[in-house]
Amino acid sequence: MRVFIIVFALLLPVCLLGLNGLSYNSYALMMPDNGFYNNTAGLNGLKNQAVSFMFHNEGEGMYNLDLAYARRMLSRRYILGTHLNYKTSRSYDILDSSGNKDGSFNYNYIRADLLCASSFYFIDSLNELNYGVRLKMENEKADQYTDTGFQADIGLQYAFTFFKSKYIDSFQLSTVVENLGKGLGGVDRMRFAGGISSFIPLVKNIRQMLFAVSHVQYFNSLLKENNGQVFSIGYKEDLSTFTSALKDYALMISVSYNYIRAIRILGDFSGLEYGINIDSRYFNFGYSCLFNSLSGNNYYTSLSIKF
C-alpha cells in the first residue's frame, strides 16, 4: 500500500493537467468506446473490430446521435475508423415585440471524423503507451447562419496492469490536445485534457473500486470559465462470480461530480452524474445521467457491438 501511495503522489500533479470527456463518467476512459467519442487512443482496447452507437440529449430539446466504426488493419498494428455525429434541436418559435410568432428557429450540426490509433510497438519498454489521431470536419447551421470547421485531436494513453500487487490492479493516464485548427464561428476552442483512473482490488481482478480524477483546460482565455474537474468513484464486479454463464462479463457503476464554473458559455456540465456500464467480449453498454437544474438533465446511452 505504501508503494501505491508514493506512486499516486508522484503522478497526481500530472493527472491534474486534465482528462477528456466532461459529462461522461471518468470510468469511460477504461472502455474502448471512449476512443470513438473522446480520446482516440482508447481504440487500442479493440481486439478486432466494433461498431458503436450513442444517443444523448443536452437539455432544452437538444439531441445528439453518434455512429462509429473501427477495425484493426495493416498487420493488426493499427486501428482505423470513422465517426459521424449529428446534433439537432427542436423547432423554437421566434416572437416579435408584441409576442406574436414571427418565424421559427432550428439548430443543426454534423461532424465527420477519420480515426487512427496504435501503440508504441517499436519501444519495448513503452508497449503499454497508446496514441491516436482524429481528423474532424464539422458544419453548423442555425437559421441564416452557417459555418464549416476543420480540426484535429491528438491523444495519448498509458495503461499499466499490476499482476502481483495485492494493493492495486491497474491505473491509466490519459491526455489529449483537442480542436487544433479552424473552429466554428472563429472561436478558438483548443483545449488540453487528461487525468488518471485506477482500480483498487477488493478481490484481485474480480471485485474492484474505481478512483478517477480529471481536468479540462482551454487555451483561449475567453473560455477559461469552462475549465473544470471531474471526480469519480465506482465499483466494478466480474459477473462470472454469480454464474458461469456470465463469464467475461463485467458490471461497473459509478458516481461522478463535475465541477465547472461556467454558466452556459459552452454549456453547463456542472453537477452530480451517475452511470452504469456492462462490458463483455461481444458488446459494451453504457448509460449515464448528469443532473442539471439549469438546462435539464443530460442523458447518455451507448451500445457497441464487437466482432
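The structure under discussion appears in the preceding block.
To keep things clear, this report deals only with the structure shown in the data block.

**Digging into the nonpolar core**
Item 1. Of all hydrophobic cores here, the largest spans 12 residues; its members are F36, Y37, L43, L46, A50, M54, A68, A70, I79, L115, A117 and Y300.
Item 2. With near-sequence residues (within four places) excluded, A68 lies in contact with F36, A50, V51, S52, T82 and H83.
Item 3. Listed in part, the 6 residues of the second largest apolar core include I168, L173, I200 and V213.

**Looking at the pattern of salt bridges**
Item 1. Inspection of every chain in the model, using the stated rule, returns 10 salt bridges.
Item 2. Two residues, R111 and D113, come together in a salt bridge whose shortest N-O distance is 2.7 Å. Here R111 matches D113 in class, with each residue buried.
Item 3. Within this structure, R111, D113, R134, K136 and D153 form a network of salt bridges that share partners.

**Points about the environment of F162**
Item 1. With respect to the secondary-structure elements, F162 resides in the loop between β8 (145–161) and β9 (170–182).
Item 2. Once the C-alpha coordinates of F162 and N205 are considered, the two residues, 43 residues apart in sequence, prove to be 9.8 Å apart.
Item 3. In this structure F162 touches I168, D169, S170, F171 and K204, once residues within four positions along its chain are discounted.

**With respect to the side chain of K306**
Item 1. Along the chain, K306 turns up in strand β16 (residues 298–306).
Item 2. For K306, a relative accessible area of 19% puts it in the buried group.
Item 3. Those residues in contact with K306 that sit more than four places away from it in its chain are Q49, A50, D279, S280, R281, Y282, F283 and N284.

**Some words on the side chain of R72**
Item 1. If you trace the backbone, R72 turns up in strand β2 (residues 62–73).
Item 2. The exposure class assigned to R72 is buried, which follows from its relative accessible area of 13%.
Item 3. For R72, the side chain forms a polar contact with the main-chain oxygen of N44, separated by 3.1 Å.
Item 4. For R72, the side chain forms a polar contact with the main-chain oxygen of R76, separated by 2.9 Å.

So, how was this worked out
Residues numbered from 1 in each chain as written. Predicted model: local features only at pLDDT ≥ 70, side-chain atom pairs only at ≥ 80, totals over all residues. Heavy atoms only, no water. Core = buried A, V, L, I, M, F, W, Y, C linked by side-chain atoms within 4.5 Å. Buried < 20%, exposed > 50% of the residue type's maximum accessible area, 1.4 Å probe, protein only. Contact = heavy atoms within 4.5 Å. Salt bridge = Lys/Arg side-chain N within 4 Å of Asp/Glu carboxyl O. Helix = DSSP H or I, 4+ residues; strand = E, 2+ residues; numbered from the N terminus. Polar contact = N/O pair within 3.5 Å; in protein donor to acceptor, adjacent residues only side chain to side chain.

Note that every value here comes from positions in space, so none of it alone points to a role or purpose.
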